Amino acid sequence: MSGSSESPYIRLDVISGKNLNVPSCRLPAGIYISINVDSRRHWKSTISVLSSEKSAAWGDTVTLSSQASPAFSVEIRASYEADRILGSGEVIGKLELSWYDLLNHGDEPFNISFSSVRGVHPSLTLKVAVVHACDDALSDSLVDCKIARDTDAGHARFAKYVKYKRVPHLKVAVQHFQLVLDQCPVSHPDHAAALTNLAYARLEGYARNDLQDIDATTSLLRKALALRPQHHPDHPLSLYHLTEALNWRHIKKSTAADICEAAQLYHELLPLCPEGTYLRSIVEGPNGVDHVVGACNNLPKDASEEGICLRRVILELCPQGHQLRHSALGKLSLVLITRFTQRGNIDDLDESIRFLREAVSFCPEGHSDLVSYLNNLAVSLGYYRFDHQGKPNDLDEAISLYEEVLRLRPVGHEYRDVSLDNLGGALVRRFNKRKDIDDITRAISLRREALTLSPPGHPDCGITLNNLARALKTRYEELDVSEDLNEAIDLHRESLRLTRLDHPERHVTLYSLSLALRSRFTHTEKNEDVEEAINLGQESLAALSSLHPGRYFSYMCLRRAYLSRYQIQHNPADLSLAIENSRLASGHPTQGFPNRIRTALRWVAEAESHQHDSALEAYQVCLELFDNHMMTRSSIISRREAAAAFSGARSLPVDAASCAIRGDNLRRAVELVEQGRGQQWSLASRLKTPVEDLESVNPKLAHNYLELSKLVSNAAQDSTDSTDRAAADLAATKYRKLTEQWEAAGKGAIETQFDQSTSDL
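All values derive from a computational prediction rather than experimental measurement.

Trainee: Let's hear about the overall build of the protein: which residues, and what values?
Mentor: If you tally the helices and strands in the protein, you get 31 helices and nine strands. Residue burial in the protein is summarised as follows: out of 761 residues, 51% are buried. Within the protein, counting contacts between residues at least 6 apart in sequence, those at least 24 apart form 64% of the total. With an accessible surface of roughly 35,700 Å², the protein has 51% of that area assigned to carbon and sulfur atoms.

Rendered as structure tokens:
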């Protein structure tokens, strides 16, 4: 088609653009096209969001008179505001064209190419047609506005700074943006945009070590974000800019608070970034979420509520298929295990095991983190949950996991000795429960092999000697072979000799040797053995701070030594010292409730057996610990399971009351019986009237209670029927949660019936 004089009007369709690199590398809110007919008249397209491929689509149309001017310019511009634009944005490309250039392409879409920006040529796809009518779509330029001129000058200078890396360009850009901010007070509609432009230029200077005041820059971005709350079109971009500032401050100053806040902001930002947009690709990229996740994974372990909340945020930033999800799972599992050891809440441990299973499933054989996750899963199952619940399947699975780790560390692997030792330890634990001699025999064999890989001079030699000695002592206690005990004592002594005085685990060897000597004393009754055992126990205690977890084991070691000497020599002072160490051990706050309850139960037995006057105190401590332990369990079922783990727990309140009666303390006897009732009665047992009667009072509540009862029953069946360990764990967790809802419904039923009964009085 030629430029015919039949019609002076041309319709221009702006279809799309690609290779839209921004010269300054700044992330735009969108891209728009500007057609300038003369110095005063121009047309602007809508602002299109940049895609992850750096393309944009418009579909906008403008009809222009070809007689207004023989030539015109087409500009591609980046806007840094999604709504109200401050200035004209940054120029990506500009072309001077004539109407003939356009009409020469006929009726088909065609491309026009612009000068290269960072190695690629931006281009636009256009289409033209001759028409017979025109809507005047041109508007007056705003270039004459000083705020706009200063803003555009700032963008231009900033782009030059990025391209040529010359600090004078940055200083001029900052001056222009500061002038704009001075003209836009807090009440001005462009105040947030002015804050952001100035802050971004300063942030880029900080990242390139050309400017230093990052704190003031971060403050500017916080102010801008406050002016762009949720649902503001520029809220996502303001969030992103603040995360950039926090990331850079963390990179240069290693401030943990900054990277933690950045993670929280990314967690808020990610759902606001539509799939396929350039913003989404940047946020999800190596300098966005991946950087934050990696940095947070290097933070120290923090099992506080805030620390665990952060780990959950990090996990949510790594959805299924994310390359860093396995590390997020592993880190979250570790803090949950730590909190479990502090509070004893089985939900934390179950959740940790579930996360570790997923982390293991993510890692194929040969993955650098697979062995670590297998080990942690084995510890969680075979040490923590087996101790807490006593389920043999957990210990069996842990042994299988340790076997797998050992397979992945063949002969010659630098950490094979550790895997041999860990598997040996799990077999010792199983032997203590099942008394299968093959387990303890293999455990000793594995630990002997580990010792050959840890000769004198090896950093783990002392630990390996000590662990082998403990396995031999365990076999001695079952088979009564004195050679095992004597070898154990010799190995403990060698371990102690190799362990320097300031070694953080020296106390373990001290009380381990003490326990072995105490065992030999009960067999030979040689006083020097028990004297040394007591001295070693006291030395281990003296080496530890008041809240060190190891003090519990030192107390227990001294308790056994004093009690053994009392049983042979019958000195009342030894019994009192044994009781005192029982008191200290059961009250040591760093130990979990199960161990402290068992210690208090032993105290009860010893005080009753020897008619010691601390018996009633022992009962009281035991009941208080039992109460506290029950409070950590999330359901009636789990409380019953916890109670069943302690032999004689049901009769404890009655036994305590009997002790009080023998001491002529009748008031305390009644209190103890009532305290015991509070522990033993469940919500279900308090529901004295039939559920059918409840229907007449509150039909909806009765229906909910019955439905939840069915779900609890089904979930219980699922948790026992499943052969898949991960599925079984998930079913057990579901069962526990449903039981909590069932209990709540039961409590509501009790309260409803109580209200009804009182209203009838």
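The discussion continues.
Trainee: Describe the packing of helix α2 (residues 146–164) against helix α3 (residues 167–183), and please don't skip the residues or the numbers.
Mentor: Taken N-terminus to C-terminus, the directions of α2 and α3 make an angle of 155°; their axes are 8 Å apart at the nearest point. Considering the angle they form, α2 stands roughly antiparallel to α3. Seen along the crossing, α2 lies across α3 with a hand that is left-handed. Counting all contacts with α2, which are made through K146, I147, D150, T151, A153, G154, H155, R157, F158, K160, Y161 and Y164, the residues of α3 involved are V167, H169, L170, V172, A173, H176, F177, L179, V180 and Q183. Here the residues of the contact of α2 with α3 are counted per class, giving twelve nonpolar, six polar and four charged.

Trainee: Please set out the pairing of strand β3 (residues 41–44) residue by residue, giving values where relevant.
Mentor: With three bridges joining them, strand β2 (residues 30–36) and β3 adopt antiparallel strand pairing. Looking at β3, one finds that N36 is bridged to H42. Connecting β2 to the antiparallel partner β3 that follows it, the hairpin turn spans four residues.

Trainee: Which residues make up the pairing of β2, and what values go with them?
Mentor: Among the seven residues that make up β2, seven are buried, leaving the element largely enclosed by the rest of the structure. Burial along β2 is two-sided: the face carrying G30, Y32, S34 and N36 and the face carrying I31, I33 and I35 are both buried. Across seven bridges, the pairing between β2 and strand β5 (residues 71–79) is antiparallel. Bridged to Y32 within β5 is R77.

Trainee: Give me the lowdown on the pattern of salt bridges, citing residues and values where you can.
Mentor: Across all of its chains, the model carries 45 salt bridges by this definition. In this structure, R416 and E449 form a salt bridge, with 3.4 Å as the shortest nitrogen-oxygen distance. Of this pair, R416 sits in helix α15 (residues 416–434) while E449 sits in helix α16 (residues 437–452), placing them 33 residues apart in sequence. Put simply, E478 and K435 hold a salt bridge, and the shortest N to O gap is 3.5 Å. You can see E478 sitting in helix α17 (residues 461–479) and its partner K435 sitting in the loop between α15 and α16, a full 43 residues away along the chain.

Trainee: Can you explain α17? Please cite residues and give values.
Mentor: An α-helical turn contains 3.6 residues, so any two residues separated by three or four positions project in the same direction. Under the 1.5 Å per step criterion, the end-to-end length of α17 is 27 Å for 19 residues, consistent within 8% with the ideal 27 Å. Looking one or two residues past α17, D480 carries a phi angle of roughly 60°, positive in sign.

Trainee: Go over the side chain of H326, please, and point to the residues and values.
Mentor: Tracing the chain through its elements places H326 in helix α11 (residues 325–343). For H326, a relative accessible area of 7% puts it in the buried group. A polar side-chain atom of H326 sits 2.9 Å from a polar atom in the side chain of Y373. Residue contacts for H326: discarding those within four places in its chain leaves A359, F362, C363, H367, D369 and Y373.

Trainee: Go over the sheet that holds strand β4 (residues 56–65), please, and point to the residues and values.
Mentor: The strand order across the open sheet built from four strands is β4-β1-β8-β7, with neighbouring strands paired in antiparallel fashion. Strands with a single pairing partner mark the edges of an open sheet, and in this sheet they are β4 and β7 (110–113). In this sheet, neighbouring strand axes are inclined to one another by 30° on average, regardless of whether the strands run parallel or antiparallel. By the bridge criterion, eight bridges tie strand β1 (residues 9–18) to β4 in an arrangement that is antiparallel. Note on β4: the bridge partner recorded for Y9 is S65.

Trainee: Kindly report on the environment of L374, identifying the contributing residues and their values.
Mentor: Mapped onto the elements of the fold, L374 is located in helix α13 (residues 370–389). When the C-alpha positions of L374 and V360 are compared, they lie 6.6 Å apart, and in sequence the two are 14 residues distant. If we skip the residues at most four places from it in the chain, L374 touches V360, L401, E404, V405 and L408.

Trainee: Summarise the packing of helix α4 (residues 191–207) against helix α6 (residues 235–253); cite the residues concerned and give the values.
Mentor: Two elements in contact, α4 and α6, have axes separated by 11 Å at closest approach and are oriented at 25°. Here α4 lies roughly parallel to α6, going by the angle between them. The element α4 and its partner α6 pack so that their crossing is left-handed. Residue-level inspection shows T196, Y200, L203, Y206 and A207 of α4 in contact with α6, the latter providing H241, E244, A245, W248, R249, K252 and K253. In terms of residue class, the contact of α4 with α6 is built from six nonpolar, two polar and four charged.

Trainee: Go over the environment of H503, please, and point to the residues and values.
Mentor: Note on placement: H503 falls in the loop between α18 (482–498) and α19 (506–524). Within polar-contact distance, the side chain of H503 engages the backbone nitrogen of E505 at 2.9 Å.

Trainee: Let's hear about the packing of aromatic side chains: which residues, and what values?
Mentor: Aromatic ring pairs: the centre-centre distance and the angle between the two ring planes describe each pair. The final tally for this structure, using the stated rule, is six aromatic pairs. Aromatic pair F158 and Y161: ring centres 6.3 Å apart, planes at 40°, arrangement tilted. You can see F158 and its partner Y161 sitting in helix α2, three residues apart, about one turn around the helix. Taking relative accessible area as the criterion, Y161 reaches 0% and is therefore assigned buried. With a centroid separation of 5.9 Å and an interplanar angle of 25°, the aromatic rings of Y511 and F553 are classed as stacked. In this pair, Y511 is assigned in helix α19 and F553 in helix α21 (residues 550–569), connecting sequence segments 42 residues apart. Take Y511: its relative accessible area is 9%, and that puts it in the buried class. Accessibility expressed as a relative area gives 32% for F553, which makes it partly exposed. It is R26 that lies over the ring of Y80; its NZ or CZ is 4.0 Å from the centre.

Trainee: Residue-level account of helix α7 (residues 256–269), with values.
Mentor: Compared with an ideal rise of 1.5 Å per residue, which puts 14 residues at 20 Å, α7 spans 20 Å between its outermost C-alpha atoms and is within 8% of the ideal. Residues D258, I259, A262, A263, L265, Y266 and L269 constitute the buried set of α7. Buried residues of α7, seen end-on, are gathered within an arc of 170° and therefore sit on one face of the element. Elements in contact with the buried residues of α7: α6, α8 (278–283), α9 (289–297) and α10 (305–316).

Trainee: Please set out the side chain of S419 residue by residue, giving values where relevant.
Mentor: Looking at the secondary structure, you find S419 in helix α15. Discounting chain neighbours no more than four positions away, the residues touching S419 are V405, L406 and R409.

Trainee: Outline the environment of F646, listing residues and values.
Mentor: Within the secondary structure, F646 is located in the loop between α25 (636–644) and α26 (652–662). With a relative accessible area of 6%, F646 lands in the buried category. Between the C-alpha atoms of F646 and P594, which are 52 residues apart in sequence, the distance is 8.6 Å. Among residues more than four places away in sequence, those in contact with F646 are P594, I597, R598, L601, F626 and H629.

Rules behind the numbers
- Residues numbered from 1 in each chain as written.
- Predicted model: local features only at pLDDT ≥ 70, side-chain atom pairs only at ≥ 80, totals over all residues.
- Heavy atoms only, no water.
- Helix = DSSP H or I, 4+ residues; strand = E, 2+ residues; numbered from the N terminus.
- Buried < 20%, exposed > 50% of the residue type's maximum accessible area, 1.4 Å probe, protein only.
- Contact = heavy atoms within 4.5 Å.
- Areas by Shrake-Rupley, 256 points an atom, 1.4 Å probe, with all protein chains shown as cover.
- Axes fitted to C-alpha atoms, helices over the stretch in contact; angles between N-to-C directions.
- Parallel < 35°, antiparallel > 145°, perpendicular 65-115°, else oblique.
- Left-handed = near helix turned anticlockwise from the far one by under 90°.
- Nonpolar A, V, L, I, M, F, W, Y, C, P; charged D, E, K, R; others polar.
- Pairing = 2+ DSSP bridges.
- Salt bridge = Lys/Arg side-chain N within 4 Å of Asp/Glu carboxyl O.
- Expected span 1.5 Å × (residues − 1).
- Polar contact = N/O pair within 3.5 Å; in protein donor to acceptor, adjacent residues only side chain to side chain.
- Phe/Tyr/Trp six-rings, centres within 6.5 Å; stacked < 30°, edge-to-face > 60°.
- Lys NZ or Arg CZ within 6 Å of the ring centre and 35° of its normal.
- Arc of directions from axis to C-beta.

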